[in-house]
Amino acid sequence: MPHILLIDDDRDCLTALSNRLRFAFRGRSLCVDMADSAATGLIAFRATHYDALIVDVLMPGTNGFKFVEQLQRTRPDVPIIMISEWDVKSSEEWADRLGLV
């Protein structure tokens, strides 16, 4: 069963994404965990094997790019989707350096 971790500081966004994923996988098994900060996400990531992550770019404290940098040191093979409600054009260089673009 696929196991996905959603990380976003917006609880409404977490709920909406989780519901959308479950709808897309209807009839098939899917486990979705949610974290409302990079710190909480990192704890979850270290405790559980995830098949993929969906990470918000702009979060208070540790932003999504810094979070991904930390993750790639231990599991560079995990697929990561970066999301944001803002224009992140200025962050493309950072994303490219992390191999996310």
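In the block above lies the structure referred to throughout.
Residues numbered from 1 in each chain as written. Predicted model: local features only at pLDDT ≥ 70, side-chain atom pairs only at ≥ 80, totals over all residues. Heavy atoms only, no water.

Bringing the overall build of the protein chain into the picture now. A count of helical and extended segments in the protein chain gives four helices and four strands. In terms of overall dimensions, the protein chain is globule-like: its C-alpha atoms have a radius of gyration of 13 Å, near the 13 Å expected for 101 residues. On the principal axes, the C-alpha backbone points of the protein chain span a range of 40 × 30 × 25 Å. The proportion of buried residues among the 101 residues of the protein chain is 36%. Relative to all contacts within the protein chain whose residues are 6 or more apart in sequence, the contacts with residues 24 or more apart total 74%. Taken as a whole, the protein chain presents about 6200 Å² of accessible surface, with 53% of it coming from carbon and sulfur. (Helix = DSSP H or I, 4+ residues; strand = E, 2+ residues; numbered from the N terminus. Rg over C-alpha atoms; globule rule 2.2 N^0.38 Å. Buried < 20%, exposed > 50% of the residue type's maximum accessible area, 1.4 Å probe, protein only. Contact = heavy atoms within 4.5 Å. Areas by Shrake-Rupley, 256 points an atom, 1.4 Å probe, with all protein chains shown as cover.)

Grouped together as the largest cluster of nonpolar side chains are 20 residues, with contacts concentrated most on L5, I7, F45, L53, V55 and F67. Where this core is concerned, the elements lending two or more residues are β1 (3-7), α2 (38-47), β3 (52-56) and α3 (64-74). Contact partners of L53, with chain neighbours within four places excluded, come to L5, I7, F45, F67, L71, V78, P79, I80 and I81. I4, L6, L30 and V32 belong to the second largest nonpolar core, which has seven residues in total. (Core = buried A, V, L, I, M, F, W, Y, C linked by side-chain atoms within 4.5 Å.)

Among all positions in α3, only G64, F65, F67, V68 and L71 are buried. Summarising the axial view, the buried residues of α3 lie within an arc of 150°, below the 170-degree limit, and thus occupy one face. Of the residues that open α3, the one with a side-chain oxygen 2.9 Å from the backbone nitrogen of F65 is N63. (Arc of directions from axis to C-beta. Polar contact = N/O pair within 3.5 Å; in protein donor to acceptor, adjacent residues only side chain to side chain.)

Take the side chain of N63 next. On the secondary structure map, N63 appears in the loop between β3 and α3. We classify N63 as buried; its relative accessible area is 17%. Of the polar contacts made by the side chain of N63, one reaches the backbone nitrogen of F65; its length is 2.9 Å. Of the polar contacts made by the side chain of N63, one reaches the backbone nitrogen of K66; its length is 2.8 Å.

Here the focus is the sheet that holds strand β4 (residues 80-83). One open sheet holds the four strands; their spatial order is β2-β1-β3-β4, and the pairing between them is parallel. Unpaired on one side and paired on the other, β2 (31-35) and β4 mark the two borders of the sheet. For this sheet the average axis-to-axis angle between neighbouring strands, irrespective of direction, equals 15°. With five bridges joining them, β1 and β2 adopt parallel strand pairing. Its bridge partner being in β2, I7 is matched across the sheet by A35. Against the sheet, α2 touches β1, β2 and β3, its axis set at about 160° to β1. (Pairing = 2+ DSSP bridges. Axes fitted to C-alpha atoms, helices over the stretch in contact; angles between N-to-C directions.)

Fair warning: the whole summary comes from geometry, so function is off the table for now.
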